[in-house]
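Observations on the model geometry
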2 protein chains.
Amino acid sequence: MDRLLMVVGATLIALFGTAAARAEDGYDLWLRYDAPQYRQAWASIGSPGAVSADEDHPTIRAAADELTRALGHDPAATPASSAATILIGTARSPQIARLGLPLAGLGPEGYLVRAVTAEGRRTIVVAAREPVGVLYGAFALIRQAGQGGSLGGLDLSDQPRVRLRVLDHWDNLDRHVERGYAGQSIWDWWRLPAIGDRRYTDYARANASIGVNGTVLNNVNAKADSLTAPYLAKAAAVADVLRPWGIRVYLSARFSAPIELGGLKTADPLDPQVRAWWKVKADEIYRVIPDFGGFLVKANSEGQPGPRDYKRSHADGANALAAALAPHGGVVMWRAFVYADTDPDDRAKQAFTEFKPLDGTFADNVLVQVKNGPIDFQPREPFHPLFGAMPKTPLMIEFQITKEYLGFASHLAYLGPLFAETLAADTRGKGAGSTVAKVVDGSLDGHRLSGIAGVANIGSDRDWSGSIFDQANWYAFGRLAWNPTADPQALATEWTRLTWSSDPTVVTPVVAMMMRSRQAVVDYMTPLGLAHLMATGHHYGPGPWVSDLARPEWNPSYYHRADRNGIGFDRTRTGSNAVAQYAPPLARRFANPAATGEDLLLWFHHLPWDHRLAGGDTLWDTLVRRYDRGVAGAASLRSDWAALRGRVDEERWQRTAERLAVQEAEARWWRDASVAYFQSVSGRPLPPGSAKPAHDLDWYKAQLFPYAPGQGQ
Amino acid sequence: MDRLLMVVGATLIALFGTAAARAEDGYDLWLRYDAPQYRQAWASIGSPGAVSADEDHPTIRAAADELTRALGHDPAATPASSAATILIGTARSPQIARLGLPLAGLGPEGYLVRAVTAEGRRTIVVAAREPVGVLYGAFALIRQAGQGGSLGGLDLSDQPRVRLRVLDHWDNLDRHVERGYAGQSIWDWWRLPAIGDRRYTDYARANASIGVNGTVLNNVNAKADSLTAPYLAKAAAVADVLRPWGIRVYLSARFSAPIELGGLKTADPLDPQVRAWWKVKADEIYRVIPDFGGFLVKANSEGQPGPRDYKRSHADGANALAAALAPHGGVVMWRAFVYADTDPDDRAKQAFTEFKPLDGTFADNVLVQVKNGPIDFQPREPFHPLFGAMPKTPLMIEFQITKEYLGFASHLAYLGPLFAETLAADTRGKGAGSTVAKVVDGSLDGHRLSGIAGVANIGSDRDWSGSIFDQANWYAFGRLAWNPTADPQALATEWTRLTWSSDPTVVTPVVAMMMRSRQAVVDYMTPLGLAHLMATGHHYGPGPWVSDLARPEWNPSYYHRADRNGIGFDRTRTGSNAVAQYAPPLARRFANPAATGEDLLLWFHHLPWDHRLAGGDTLWDTLVRRYDRGVAGAASLRSDWAALRGRVDEERWQRTAERLAVQEAEARWWRDASVAYFQSVSGRPLPPGSAKPAHDLDWYKAQLFPYAPGQGQ
């Protein structure tokens, strides 16, 4: 007995030694199978000793290995014997077939997870029509286990509402990530294809766990090189790793590649040689990546080449590439993010003006990819007016997970509410209830093809996203892409349990922090419907005074239009009339300041500083108080987190505390710089109790950040 | 009893689960305290339960924590009781003082590690004059434990022979690492100083473990910004982390900073305003980094500003900065790496020509930093002729740990033999035995100040260096900086035991692979004393045909001088007479092809293709056979590694196998391209049995690598 106790002691020391050396660093994301709730959950169903699968399919094997790992077993070791088991498979598995489960109603990616008794054993069955459904079911089971509580009587069934759930990597071939704040690209193009990386597999696991089924590997500001044979071999090596996890690879295609790679004199999409070049290129791609997803294209946008260079329409361009991909089942995701300095019209209107007339002219395998709002991923925008306005075209919504305009990776801004706000918006396109979600999932207009894209916030940083809380935005994106009507608070709760702790004394305050974080950022950066007030180039920090950039619509002054008398962008009939791009009930609402609501007030209206808001305060006083509220919000995030010390592991707590301190300081900086500037314009005194900015305006103007990460190259 | 067994079982499952999820990824470098030999070693001295230290000093605490970790304990946990203990401290510790150890003879960084009985307990004592010596002693004890075998009767004592043992990071402020092949800079300048990183501490631990005591944080191609207050605050935050580990921070200084930051019209080192600016700047630096090490300067070299811009000497420039640092105890490390396209003389001669006349004119706190060879970190060069030729000046040798010219991070080339070959070279400066090592450690000329610098191969890659084997070059550099006469094979053996396994069936073949790897690279890249044959800009892959670059000495054709009749650079009296820069006995030897030896033959001589070598073969046939031998060497590295599968952990085995496959393929590429080119020049047939290149010469010339990592910016 004494001898045994010594062994126990030694084992425990080894365990703690390991634990100490391997403190949590965020690498495991929300797949932290060492967390205590898993063991409790597995115990509640008899601590299954193994995962049983009798199909020889890479995706089934991936699901089995993942479940084995989640059970705390080593997939390479001999399974422990146990009275309970987990059985996984499709109807092609005799074991599954025997159970007579109702699989017919599940879509190709749906799953069913149920506690049953099979051959006298307690069994959790994970079943689906296709292997990828089994994989999603396995992750659903693991996710449920990670929520804490018992798994007894389990009965889950779900399927995704959107077909293409895609991450867009704005990753360059030299590993610089445009708008990336988490290190380099995880795609190590230099070493690929001969040299792999464990990260590729863990990336696939993380994405499969939230239902992401596609990834665009390279930046929309694309180099033609990514379509050369050596780079296709590299992409193929990545595709080989991702395939078992149900994830297809896509590439951003440079529209002028037929010139740069093919030696042609034109990239005119109606030129037969150009069309032939794309066809040959597509055939070449599918030889090395048989399940290649297709192309993402940024054309005639911010300097990129496109069909307009040849007086062809965006539909002509998209359809040329689509024709090359169609025989192989690939799609084109064609971005609607266009605006031109040669067009004097309101930037917010230009994509609508250009794309709406093209509705009905796109090939069957084209999706038009539309940003959530009409400008560019601001802390808050109204939904893009194209949603609801192109019923004959599948519209793919594009969110930005990386926080180009919301404080990079050092500010906590949980984007679930931002995503959900847009998806829940009612376009009125086909009467009340025509939500963006229904446009996007194809149900409103009966589209078979549907998609949601998110600009990834993933990089080589050990924690993938630059902070632990930024992992939540990746998570929420994937879960909302699966179900665009999911509740962002429920997702925050789910993520918090998986990532931080299932202890309610942690979950409750953390979820509360997350849920108010985005509004805090809106308040200290761009309150009351203001937008695009950041400094030049790197988009880091405030620059509302900037008005000297070459293109008018690059200047913050273009957006806020503040002067001695008032502030805001008049988008009513007396201004740009952008409101008319929305369905009539919305156009009427947005035309009326009182009906617009404070959140979007200055987006649609230019108002005098002494305009009275609903609460009775003047616009000027309210603006300043919103900035103050934002700073107070950032400060409370920090203090609420401080109270959680000791309830989560010290390493991740500390990392997060450091970032929240930065956020508070930068919130003050944003507020002070913005207030100093707007006061210089309005000439009005600060409302009572509102503090003078820490420095004068010139000090804020003098701040330069030549080495900020993520800039375009 | 049954109940207890169940607990044990659960614990073991948790442990194995952790082990499976946490396969070795190289992050722990040579500090893998989970390796089995440690437990055996600690058992041999009674399995010490704790580390005892009674001095309150950050460095003593660091040493105690590290030992605790190595013992397999959690430093934060209550120490286990045990019959044995480890006692650490300086003579200021009463416990240590009581032992009456012979500490007086140790230098300020020396240590003594001894097995004793103290107060009736088995005790390993780690004692030193200063805390940093205790730290080095702790690591010496750990290193010894990691070698396998018993620690009984332990009696170690050592001290470094060189004072400044420094890593030079060629890291830019945007995190790009010039000549870096392991990801981004580990210095996350953007997030510093508010946001830290566990890596900073682990970097310090690794360096302290091999005796490195200084680090230059930024690229020698320096931006003035690194000397601004915000960036000094960032450097200070790093310095705070490194300080307990005995490591001082240095910065590369841009010579023109007084103009760029100070607004002066000149950076003339004799201008009083310029000198005052540097003094004020130095005072500012020492306020935030009290133990700041000093400046590294690249001046009038490859476009960098310097004193020659004002017709002042390098000594004038170095002394101006040295005067500003002297009151604080800082040093200037002034690089001798100068050459000019305006100077028609042999590039290999120019540094000597410029610096030798300055001997004796440098301030006391200046070291002149000289690359190991006269060109630029080639796979093999003769030692730099300045060694032995500037007796009145402390010469700091500069090695390149990152493998700019030896296959980046994907080729195995253990650099211990390269470093040792230079250090062991006899300059004959003061007669026979005047080795470079004695010049560098100061003993030959009685210098108090001495230093060795290595251009770091460290980046954000999880394994730090881009491959496991490249970690050995960091390790060997540190150990050779501590003792420049250390045997590279012994260091390879030591490193292999710590890094891979202490099992002799692993150690023997791995050390053999390492020891022949560098010669293999020489053979397939630049055999027989050839040099600088790589492609342009990125220095990746062969480019012996390149002859069109603006500066003559940037062209490989400048170096090999191959034509129809022969090959090689005549550096004898009939050529550039670079041999005359060496001491007379060496000058005579290098002037004679038969005495020069094959290794440096074409470095010093231009010879006809049909020149007969000692073995009887012609130069042409021998050249081709050397290329063949290089390819065979790379192939054997790969096959020898294949035989080790299963004897080391699978993850690191696989990572390494992938890289060795790349090396073999690239060795063939180097060989084929070089042979194709030289054959096009010589017009001679390949020797019997030597294979035709896989492609024609034009194919090799057409290879382009626009996205190669590590290029200058």
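Residues numbered from 1 in each chain as written. Chains lettered and ligands numbered in written order. Predicted model: local features only at pLDDT ≥ 70, side-chain atom pairs only at ≥ 80, totals over all residues. Heavy atoms only, no water.

1. Side note on the overall build of chain A
Condition: In this text, helices come from DSSP runs of H or I with a minimum length of four residues, and strands from runs of E with a minimum of two, each type numbered from the N-terminal end. All radius of gyration figures rest on C-alpha atoms, and the globule criterion is 2.2 Å times the number of residues raised to 0.38. Burial status follows relative accessibility: with a 1.4 Å probe on protein chains alone, a residue under 20% of its type maximum counts as buried, one over 50% as exposed, and anything between as partly exposed. The Shrake-Rupley method, run with a 1.4 Å probe, gives the accessible areas here. Residue values count only the displayed protein chains as cover. Note that His is not counted, nor are the chain ends; the positive residues are Lys and Arg, and the negative ones are Asp and Glu. Every charge is mapped onto a representative atom, which is NZ of Lys, CZ of Arg, CG of Asp or CD of Glu.
Looking only at helices and strands, one finds 23 helices and 15 strands in chain A. Relative to the compact-globule value of 27 Å for 713 residues, chain A shows a C-alpha radius of gyration of 26 Å, a close match. When burial is assessed residue by residue, chain A has 63% of its 713 residues classed as buried. Put simply, chain A shows about 24600 Å² of open surface, and 52% of that area lies on carbon and sulfur atoms. Here chain A contributes 75 positive and 76 negative side-chain charges, whose respective centroids are spaced 2 Å apart.

2. Some remarks on the UniProt feature "domain: Glycosyl hydrolase family 67 catalytic" (unreviewed entry) in chain A
Rules: UniProt positions are given in the numbering used here, feature names are shortened, and annotations may be inferred rather than shown by experiment.
Within the UniProt annotation, "domain: Glycosyl hydrolase family 67 catalytic" (unreviewed entry) is assigned to residues 150-464 of chain A. Overall, residues 150-464 of chain A shows 26% helix and 14% strand. The separation of its end C-alpha atoms is 31 Å.

3. Looking at the pattern of salt bridges
Pairs may arise between side chains of opposite charge once their charged atoms sit close together. Residue and element names in this part refer to chain A. Short version of the rule: For this analysis, a salt bridge means a side-chain nitrogen from Lys or Arg found within 4 Å of a carboxyl oxygen belonging to Asp or Glu.
Counting across every chain of the model gives 94 salt bridges over all chains. Note that arginine 655 and aspartate 463 form a salt bridge whose closest N and O atoms lie 2.5 Å from each other. Placement of arginine 655 in helix 22 (residues 650-682) and of aspartate 463 in the loop between strand 13 (451-455) and helix 14 (468-482) is noted, with a sequence separation of 192 residues between them. Among the salt bridges present, the one from aspartate 649 reaches arginine 652, with a minimum N-O distance of 2.9 Å. If you follow the salt bridges from partner to partner, you end up with Glu24, Arg32, Asp649 and Arg652 in one network.

4. Details of the pairing of strand 9 (residues 294-297) of chain A
On any regular strand, side chains alternate: one points to one face of the sheet, the next to the other face. Residues and elements named next belong to chain A. For clarity, the cut-off: Note on pairing: two strands pair once DSSP finds at least 2 bridges between them. Place the viewer so that the strands point away; then a crossover is right-handed whenever the path from the first strand over the helix to the second strand goes clockwise.
For strand 8 (residues 248-252) and strand 9, the ladder comprises three bridges, and the chain directions are parallel. Bridging across to strand 9, leucine 251 finds its partner in phenylalanine 295. Examined bridge by bridge, strand 9 and strand 10 (residues 331-335) share four bridges and lie parallel to one another. The residue of strand 10 that forms the bridge with leucine 296 is methionine 333. Regarding the hand of the β-α-β motif, the stretch spanning strand 9, helix 10 (residues 314-325) and strand 10 is right-handed.

5. With respect to the sheet that holds strand 2 (residues 84-90) of chain A
All names here are of chain A. What counts, and what does not: Throughout, a contact is declared for two residues whenever any of their heavy atoms are within 4.5 Å. Here, axes are lines fitted to C-alpha atoms. For helices the fit covers the stretch in contact, and angles between N-to-C directions go from 0 to 180 degrees.
Across the sheet, which stays open at both edges, the five strands sit in the order 1-2-4-3-5 with mixed pairing between neighbours. This sheet does not close on itself; its edge strands, each paired only once, are strand 1 (51-52) and strand 5 (155-158). In this sheet, strand 4 (residues 121-128) lies alongside strand 2 in parallel orientation, the contact comprising seven bridges. Paired with glycine 89 across the strands is alanine 127, a residue of strand 4. Along the sheet face, helix 3 (residues 58-70) touches strand 1 and strand 2 and points at about 160° away from the line of strand 2.

6. Some details on the domain arrangement of chain A
Residues and elements named next belong to chain A. To keep it simple, the criterion reads: Throughout, the edges of the domains are those of an automatic or database domain assignment. What gets called buried area is simply the loss in accessible area from a 1.4 Å probe that two parts show on being joined, summed for both. Charged residues are taken to be Asp, Glu, Lys and Arg, nonpolar residues to be Ala, Val, Leu, Ile, Met, Phe, Trp, Tyr, Cys and Pro, and polar residues to be all remaining types, Gly included.
Along its sequence, chain A is organised into domain 1 (9-158), domain 2 (164-499) and domain 3 (523-569 + 606-701). Between domain 1 and domain 2 lies a buried interface of about 2500 Å² when both sides are counted; carbon and sulfur atoms form 56% of it. Considering only the surface of domain 1 that becomes buried against domain 2, Tyr27, Trp30 and Arg143 emerge as the three largest contributors, covering 35% of it. Inspection of the region where domain 1 meets domain 2 yields four salt bridges. With a closest N to O distance of 3.0 Å, arginine 462 and aspartate 25 form a salt bridge. Looking at the side of domain 1 that touches domain 2, the elements that each hand over two or more residues are helix 2 (36-44), helix 3 and helix 5 (131-146). By residue number, the principal contributor to the side of domain 1 that touches domain 2 is helix 5, which donates six residues. Class assignment for the residues of the side of domain 1 that touches domain 2 results in 13 nonpolar, five polar and seven charged.

7. A look at unusual backbone geometry
In this structure, proline 193 of chain A follows leucine 192 of chain A across a cis peptide bond, with omega equal to 0°. Along the polypeptide, proline 193 of chain A turns up in the loop between strand 6 (164-168) and helix 6 (198-210). Here the phi dihedral of asparagine 300 of chain A falls at roughly 45°; this positive angle occurs in a residue that is not glycine. Mapped onto the elements of the fold, asparagine 300 of chain A is located in the loop between strand 9 and helix 10. For asparagine 300 of chain A, a relative accessible area of 17% puts it in the buried group. The phi torsion at lysine 311 of chain B lies on the positive side, around 60°, for a residue other than glycine. Examined against the element boundaries, lysine 311 of chain B turns out to sit in the loop between strand 9 (294-297) and helix 10 (314-325).

8. A few points about the confidence of the model for chain A
All names here are of chain A. As a reminder, the rule being used: A residue's pLDDT is the confidence the predictor assigns to it, expressed on a 0 to 100 scale.
When pLDDT is averaged across chain A, the result is 95; 97% of the residues are at 70 or more. Low pLDDT (under 50) marks residues 1-22, which in the prediction has 26 contacts with non-local residues, meaning those over four places away or in another chain. Across the interface, the model reports ipTM at 0.95; the global pTM reads 0.96.

9. Observations regarding the environment of leucine 644 of chain B
Residues and elements named next belong to chain B. Note on placement: leucine 644 falls in the loop between helix 21 (619-642) and helix 22 (650-682). Residue classification places leucine 644 among the buried residues on the basis of a relative accessible area of 2%. Through-space distance from the C-alpha of leucine 644 to that of threonine 505 is 8.7 Å; in sequence the pair is 139 residues apart. Excluding its chain neighbours within four sequence positions, the residues that come into contact with leucine 644 are Thr505, Val506, Pro509, Val510 and Trp653.

10. Quick notes on the nonpolar core
To keep it simple, the criterion reads: To qualify as a nonpolar core, a set must consist of buried Ala, Val, Leu, Ile, Met, Phe, Trp, Tyr and Cys residues joined through side-chain atoms within 4.5 Å.
Counting 229 residues, the largest nonpolar core has Trp641 and Phe678 of chain A as its most contacted members. Beyond its immediate stretch of four places on either side in the chain, phenylalanine 678 of chain A contacts Leu530, Leu533, Pro544, His560, Ala562, Ile567, Trp609, Trp620, Leu623, Tyr627 and Gly683 of chain A. Grouped together as the second largest cluster of nonpolar side chains are 227 residues, Leu251, Leu418, Ala486 and Tyr524 of chain B included.

11. With respect to the sheet that holds strand 12 (residues 395-400) of chain A
Taken in spatial order, the eight strands close into a barrel running 6-7-8-9-10-11-12-13 (chain A), and their pairing is parallel. When the angles between neighbouring strand axes are averaged without regard to direction, this sheet yields 25°.

12. Considering the side chain of threonine 493 of chain B
All names here are of chain B. Among the secondary structure elements, threonine 493 is positioned in helix 15 (residues 488-499). Using a relative accessible area of 17% as the deciding quantity, one classes threonine 493 as buried. Sequence-distant contacts of threonine 493, that is, excluding residues within four places in its chain, are made with Gln147, Val507 and Val511.

13. Digging into helix 7 (residues 229-242) of chain A
Residue and element names in this part refer to chain A. For clarity, the threshold we go by: Helix span, as expected, comes to 1.5 Å for every residue beyond the first.
For helix 7, spanning 14 residues, the distance from its first C-alpha to its last is 20 Å, which sits close to the expected 20 Å at 1.5 Å a residue. Among the residues of helix 7, those classed as buried are Tyr231, Leu232, Lys234, Ala235, Ala236, Ala237, Val238, Ala239 and Leu242. Contacts from the buried residues of helix 7 go to helix 6, strand 7 (214-216), strand 8 and helix 9 (272-288).

14. With respect to the packing of helix 15 (residues 488-499) of chain A against helix 16 (residues 504-525) of chain A
Residues and elements named next belong to chain A. Here is the rule we go by: Any angle from 65 to 115 degrees is called roughly perpendicular, while one under 35 is roughly parallel, one over 145 is roughly antiparallel, and all others are oblique. Helix crossings are classified by the rotation of the near helix relative to the far one: an anticlockwise turn of less than a right angle makes the crossing left-handed, while a clockwise turn makes it right-handed.
Their axes nearest at 9 Å, the elements helix 15 and helix 16 cross at an angle of 130°. Classed by the angle they form, the pair helix 15 and helix 16 counts as oblique. Judged by the twist between their axes, the crossing of helix 15 over helix 16 is right-handed. When helix 15 is examined against helix 16, the residues Pro488, Gln489, Ala492, Thr493, Trp495, Thr496 and Arg497 are found in contact with a partner set consisting of Val507, Val510, Val511, Met514 and Met515. Of the residues that constitute the contact of helix 15 with helix 16, the class distribution is eight nonpolar, three polar and one charged.

15. Focus on the packing of aromatic side chains
Residue and element names in this part refer to chain B. Here is the rule we go by: Geometry of aromatic contacts follows a simple scheme: Phe, Tyr and Trp rings, the Trp one being its six-membered ring, pair when their centres are within 6.5 Å, and the pair is stacked under 30 degrees between planes, edge-to-face over 60, tilted otherwise.
Going through the model one piece at a time under the given rule, you end up with 90 aromatic pairs over all chains. For the pair tyrosine 136 and tryptophan 482, a centre-to-centre distance of 5.0 Å together with 85° between the ring planes defines the contact as edge-to-face. Of this pair, tyrosine 136 sits in helix 5 (residues 131-146) while tryptophan 482 is found in helix 14 (residues 468-482), placing the two residues 346 residues apart along the sequence. Summarising the burial analysis for this pair, tyrosine 136 and tryptophan 482 share the class buried. Judged by centre distance (4.6 Å) and plane angle (40°), the ring pair of phenylalanine 399 and phenylalanine 419 falls under tilted. Placement of phenylalanine 399 in strand 12 (residues 395-400) and of phenylalanine 419 in helix 12 (residues 416-424) is noted, with a sequence separation of 20 residues between them. Both residues of the pair, phenylalanine 399 and phenylalanine 419, belong to the buried class.

16. As for the side chain of lysine 403 of chain A
Residues and elements named next belong to chain A. Test applied: Counted as a polar contact is a pair of N or O atoms within 3.5 Å, where, for protein atoms, one must be capable of donating a hydrogen and the other of accepting one, and residues adjacent in sequence contribute only when both atoms are in side chains.
Assignment of secondary structure puts lysine 403 in the loop between strand 12 and helix 12 (416-424). We classify lysine 403 as buried; its relative accessible area is 1%. A polar contact of 2.7 Å, which involves the side chain of lysine 403, links it to the backbone oxygen of phenylalanine 408. What lysine 403 contacts, discounting residues up to four positions off in sequence, is Tyr181, Phe408, Ala409, His411, Ala413, Leu415, Asp470 and Asn473.

17. Side note on the pairing of strand 8 of chain A
Residues and elements named next belong to chain A. Judged by how many residues are buried, strand 8 sits mostly within the fold: four of five residues are covered. One ladder, built from three bridges, connects strand 7 with strand 8; its direction is parallel. Along strand 8, the bridge assignment pairs valine 216 with tyrosine 250. In this fold, the crossover linking strand 7 to strand 8 by way of helix 7 has right-handed handedness.

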